[in-house]
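# Structural overview
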Amino acid sequence: NPITLSVVLTSLALGTIFTVSSSHWLLAWMGLEINTLAIIPIMTQHKHPRAIEASTKYFLTQAAASALLLFSSLNNAWLTGEWSIMDLTNPLSCATMTIAICMKLGLAPFHFWLPEVLQGISLTTGLILSTWQKLAPMAILYQITPMLNTPLLLTLGLVSTLVGGWGGLNQTQLRKIMAFSSIAHLGWMVSILPFSPQLMILNLTIYLIMTSTMFLTLKTISSTKISSLATSWSKTPTTTALSLLTLLSLGGLPPLSGFVPKWFILQELTNQNTTILATTLALSALLSLFFYLRSTYI
């Protein structure tokens, strides 16, 4: 029904806008809840067992993350008397808030739901899940950056980049490859967040553009497996070439645009005397680049 669809899409937009523009924890939590509840009907519009399973997994994970976020903000308000997002001073609240947002984003080791959910839904819904649904949690992370535990963030970022690289190696489904790509890119963003939030915004912007391009291209050529990319070359050579360039850009291959944020992040991490972290991130990017190149080669 067009009216139902318009209500759901409006709620999806409003939920994110609420969270991004709020300075009170309850309003931010409410925006995240509206966001979660609005995308469930979009995920279940195709009456298929895989879609129902994916939406159930998504709902349970997001509900657990929202409960943890509410517990964190309540605990902080109980101890400090402040509900402002910028006054997250209690160490326990900081740690639980970080875990809650990482669950919402799908960062490792809380990533298990993301590949399964993305595989069970359509490419259009996958586009929304991989791009728009990341904005609200990233906005909260950006606001509370000065109060967060830096070693915890760096550990989560490092584990995410490694999991994103290793996980995508043996995949043949393009949606699962995009899911592990998302985990790896979020790991890069979280790793640089304590040192340079502006670089995180740059990385997020390029990631959103590249991922949107990739999903829209796959939707145009109706391709969900690596093997179907090989047959699409004879039908739509220009679109297939665009998808291959986008994949290489996501992998961070110079001189494509995806290389720029990775270069800046490695430079900043080296300047902050975290050379081992920068080296490990660069090596994990090679893992991701391997399965991007494999898709391109086919």
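Here the residue numbering is sequential within each chain, running from 1 through the sequence in written order. In keeping with the model being predicted, local features are shown solely for residues with a pLDDT of at least 70 and side-chain atom pairs are shown and tallied solely at 80 or more, while totals for entire chains, interfaces and linings include all residues. No hydrogens and no water enter the side-chain calculation; it runs on all heavy atoms of the structure.

### Brief notes about empty space enclosed by the protein
The rolling of a water-molecule-sized probe over the atoms marks out the regions of remaining empty space. Here is the rule: A pocket, in this scheme, is an open set of points on a 1 Å grid over the protein atoms alone with protein on both sides within 12 Å along at least 5 of 7 lines, while a cavity is a set where a 1.4 Å probe fits but cannot get out; residues line either one if an atom lies within 4 Å of a point. Grid points are joined across faces, edges and corners, and a volume is the space filled by probe spheres set on the points. Runs of H or I in DSSP of at least four residues are treated as helices and runs of E of at least two as strands, each being numbered from the N terminus. Residues are sorted three ways: Asp, Glu, Lys and Arg are charged, Ala, Val, Leu, Ile, Met, Phe, Trp, Tyr, Cys and Pro are nonpolar, and all the rest, Gly among them, are polar.
Inspection of every chain in the model, using the stated rule, returns 3 cavities of 30 Å³ or more. Counted as a void, the largest cavity has a volume near 70 Å³. Residue lining of the largest cavity: Leu32, Asn35, Thr36, Tyr58, Gln62, Lys104, Gln133 and Pro137, and that is the complete set. Going through the elements one at a time, helix H2 (25-43), helix H3 (49-80) and helix H7 (132-143) are the ones with two or more residues in the lining of the largest cavity. Broken down by element, the residue count for the lining of the largest cavity peaks at 3 residues, all from H2. Split into classes, the residues belonging to the lining of the largest cavity amount to 3 nonpolar, 4 polar and 1 charged. Estimates place the volume of the second largest cavity at around 60 Å³. Lining the second largest cavity, in full, are Thr161, Ala184, His185, Trp188, Leu250, Gly251, Lys262, Ser284, Ala285, Ser288 and Tyr292. Broken down by element, the residue count for the lining of the second largest cavity peaks at 4 residues, all from helix H14 (residues 275-297).

### Considering helix H13 (residues 259-271)
Applied cut-off: Expected helix span is taken as 1.5 Å per residue step, with the number of steps being one fewer than the number of residues. Burial classes: relative accessible area under 20% of the type maximum marks a residue as buried, over 50% as exposed, and values in between as partly exposed (1.4 Å probe, protein chains only). Each direction from the helix axis to a C-beta atom contributes to the arc, which is the arc of those directions. We call two residues in contact when some of their heavy atoms are within 4.5 Å.
Spanning 13 residues, H13 covers 18 Å between terminal C-alpha atoms, matching the ideal 18 Å at 1.5 Å per step. Regarding H13, the residues found buried are Pro261, Lys262, Ile265, Glu268 and Leu269. All buried residues of H13 lie within an arc of 130 degrees about the axis, which places them on one face of the element. Where H13 is buried, its residues contact helix H9 (174-192), helix H10 (197-220), helix H12 (237-251) and H14.

### Examining the UniProt feature "domain: NADH:quinone oxidoreductase/Mrp antiporter transmembrane" (unreviewed entry) in the protein chain
Filter applied, for reference: UniProt positions are given in the numbering used here, feature names are shortened, and annotations may be inferred rather than shown by experiment.
Listed under "domain: NADH:quinone oxidoreductase/Mrp antiporter transmembrane" (unreviewed entry) in the UniProt record, and renumbered for this structure, are residues 22-286. As annotated, residues 22-286 comprises 77% helix and 0% strand, and the C-alpha atoms at either end are separated by 39 Å.

### Some words on the side chain of Thr246
Mapped onto the fold, Thr246 is located in helix H12. Using a relative accessible area of 4% as the deciding quantity, one classes Thr246 as buried. Not counting chain neighbours up to four residues away, the residues in contact with Thr246 comprise Met210, Thr213 and Met214.

### Topic: the environment of Asp87
Mapped onto the elements of the fold, Asp87 is located in the loop between H3 and helix H4 (91-105). Apart from residues lying up to four places away in sequence, Asp87 is in contact with Asn76, Thr80, Glu82 and Met147.

### A word on the packing of aromatic side chains
Heads up, the rule is: Each pair of aromatic rings taken from Phe, Tyr and Trp, with Trp reduced to its six-membered ring, is defined by centres within 6.5 Å and is described as stacked if the planes are under 30 degrees apart, edge-to-face if over 60, and tilted in the remaining cases. Counting as a charge over the ring demands two things of the Lys NZ or Arg CZ atom: a distance within 6 Å of the ring centre and an angle within 35 degrees of the ring normal.
A complete count under the given rule lists 4 aromatic pairs for this structure. Where Trp263 meets Phe264, the ring centres are 6.0 Å apart and the plane angle is 20 degrees; that geometry is what we call stacked. With 4.9 Å between their ring centres and 50 degrees between their planes, Phe291 and Tyr292 make a pair best called tilted. Taking the relative accessible area as the measure of exposure, Tyr292 reaches 1% and is therefore buried. Between Lys262 and the ring centre of Trp188, over which it is positioned, the NZ or CZ distance is 5.4 Å.

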